[in-house]
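The chain contents come next:
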Amino acid sequence: MNAFQRDILISLIFILGMFGFMSGEFIVSTVLFASAAVLSNIFSSPKLHH
């Protein structure tokens, strides 16, 4: 998965979280926001070489 595809995936999860929040599904939106944050941090963390 290249960087563009990862950005699209994270953006899609974030937008779905926004729609979930606006419709009142707070548990679903919380899970989507958390997964977007975790994926963003995983994909943007520098790779460590041994």
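Nothing here was measured: the structure is a model prediction, and the numbers come from that model.

## Let's talk about the environment of Phe 14
- Structurally, Phe 14 can be placed in helix H1 (residues 3–22).
- Relative accessible area serves as the criterion here: at 42%, Phe 14 is assigned to the partly exposed category.
- Counting along the chain gives 15 residues from Phe 14 to Ser 29, while the straight-line C-alpha distance between them is 8.7 Å.
- Ignoring any residue separated from it by four or fewer positions in sequence, one finds Phe 14 in contact with Phe 33 and Ala 36.

## Quick look at the side chain of Ser 29
- You can see Ser 29 is positioned in helix H2 (residues 26–44).
- With residues up to four places along the chain from it excluded, the contact list for Ser 29 reads Gly 17, Gly 20 and Phe 21.

Cut-off values and rules
Residues numbered from 1 in each chain as written. Predicted model: local features only at pLDDT ≥ 70, side-chain atom pairs only at ≥ 80, totals over all residues. Heavy atoms only, no water. Helix = DSSP H or I, 4+ residues; strand = E, 2+ residues; numbered from the N terminus. Buried < 20%, exposed > 50% of the residue type's maximum accessible area, 1.4 Å probe, protein only. Contact = heavy atoms within 4.5 Å.

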